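# Overview (structure and organization)
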Amino acid sequence: MISIAEHPVPGTWVLDLQATTPRMLPEMRAWAARCLADLGEGHRDDVLLAATELVANAYVHGGGARHIQLWRGVSPCAVRIEVVDVSVEQPRARRSEIEDPRGRGLLVVDGVAVQWGVRREHVGGGKIVWAHIRCDGGCPEALPRVRASRTKY
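Overview of the structure. Position numbers for residues count from 1 along each chain, tracking the sequence in the order it is written. This being a predicted model, a pLDDT of at least 70 is required before a residue's local features are given, and a value of 80 or more before pairs of side-chain atoms are given or counted; all residues contribute to the totals for chains, interfaces and linings. Side-chain calculation: all heavy atoms of the structure are included, whereas hydrogens and water are not.

## Topic: the pattern of salt bridges
Basically, it comes down to this: We define a salt bridge as a side-chain nitrogen of Lys or Arg found within 4 Å of a carboxyl oxygen belonging to Asp or Glu. For helices the rule is a DSSP run of H or I covering at least 4 residues; for strands it is a run of E covering at least 2, with both sets numbered from the N terminus onward. Each residue gets one of three labels from its accessible area relative to the maximum for its type: buried under 20%, exposed over 50%, partly exposed in between, using a 1.4 Å probe on protein chains only.
Here the structure, examined in full by the defined rule, presents four salt bridges. Between Glu82 and Arg119 there is a salt bridge, with its nearest N and O atoms 3.0 Å apart. Here the residue Glu82 occupies a position in strand S4 (residues 77-85), and Arg119 occupies one in strand S5 (residues 115-120), the gap between them amounting to 37 residues. Using a relative accessible area of 37% as the deciding quantity, one classes Arg119 as partly exposed. Beyond isolated ion pairs, a larger network of salt bridges with shared partners links Arg80, Glu82 and Arg119.

This is the structure we're talking about:
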């Protein structure tokens, strides 16, 4: 069952991927696109590309995906993607041969992310593979916060 967790931090979304398969990838992309609907198209496309690669790697190499979490920062505009899987094996970007049909996912992530990395998941075991993607300048500016003030008449 797929569920979207309510998160107490604004600009944070979590999608539960337990008991899903790679067939879930289109639905995950649609979910991420809805969460990040106000991003500029180029930035959103980079985020969706990286998220797809990280989740696909969790299915193929990580023993299964647990969840994906997105954080959106507005100043500066950036998105952090975290994908949790069940394996403790560290992913690595590798060079693939031209005839290899796969093996380029982390190179793609490396191409669109400012940084990416891996850390252990201490709560349920496994690992978290993350990527940080900055805006290319095509995103709308965040609305300024308006402080409530009391005016004396």
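## Topic: the side chain of Glu82
Note the following rule: Throughout, a residue-residue contact means that at least one pair of heavy atoms, one from each residue, lies within 4.5 Å.
Overall, the relative accessible area of 6% leaves Glu82 in the buried class. Setting aside residues no more than four positions away along its own chain, Glu82 makes contact with His67, Ile68, Gln69, Trp71, Arg119, Ile128, Val129 and Trp130.

## With respect to unusual backbone geometry
Within the chain, Ala19 stands out as a residue other than glycine whose phi angle is a positive 65°. Note on placement: Ala19 falls in the loop between strand S2 (12-16) and helix H1 (25-35).

## Let's talk about the nonpolar core
Where we set the bar: Only buried residues count toward a nonpolar core, which is a set of Ala, Val, Leu, Ile, Met, Phe, Trp, Tyr and Cys residues joined through side-chain atoms within 4.5 Å.
Ranked by size, the top nonpolar core spans 33 residues in total, and within it Leu17, Leu54, Val55, Ile68, Leu70 and Ile81 carry the most contacts. Of all the elements in the fold, those that place two or more residues in this core are H1, helix H2 (41-60), strand S3 (65-74), S4, helix H3 (105-112) and strand S6 (127-134). Considering every element that reaches this core, the biggest residue donor is H2, with eight residues. In contact with Leu17, not counting residues within four places along its chain, are Met24, Val55, Tyr59, Ala65, Arg66, His67 and Ile68.

## Brief notes about H1
Put simply, the rule is: The arc in question is the one spanned by the directions pointing from the helix axis to the C-beta atoms.
Along H1, the residues classified as buried are Leu25, Met28, Trp31, Ala32 and Cys35. Along H1, the residues classed as buried sweep out an arc of 120° about the axis, all on the same side.

## Comments concerning the packing of H2 against H3
Spelled out, the test is: In this analysis, axes come from line fits to C-alpha atoms, helices being fitted only over the stretch in contact, and the angle between any two N-to-C directions falls in the range 0 to 180 degrees. Every angle not falling under 35 degrees, over 145, or within 65 to 115 is termed oblique; those three ranges are roughly parallel, roughly antiparallel and roughly perpendicular. Left-handed describes a crossing in which the near helix is turned anticlockwise from the far one by less than a right angle; the clockwise case is right-handed. Polar here means any residue other than Ala, Val, Leu, Ile, Met, Phe, Trp, Tyr, Cys and Pro, which are nonpolar, and Asp, Glu, Lys and Arg, which are charged; Gly is therefore polar.
The geometry of H2 relative to H3 is characterised by a closest axis approach of 9 Å and an angle of 150° between their N-to-C directions. Of the possible angle classes, the one that applies to H2 and H3 is roughly antiparallel. Crossing handedness for the pair H2 and H3: left-handed. Facing Asp46, Leu49, Ala50, Glu53, Leu54 and Asn57 of H2, the residues of H3 in contact are Gly105, Leu106, Val108, Val109 and Val112. Here the contact of H2 with H3 is built from residues that sort into seven nonpolar, two polar and two charged.

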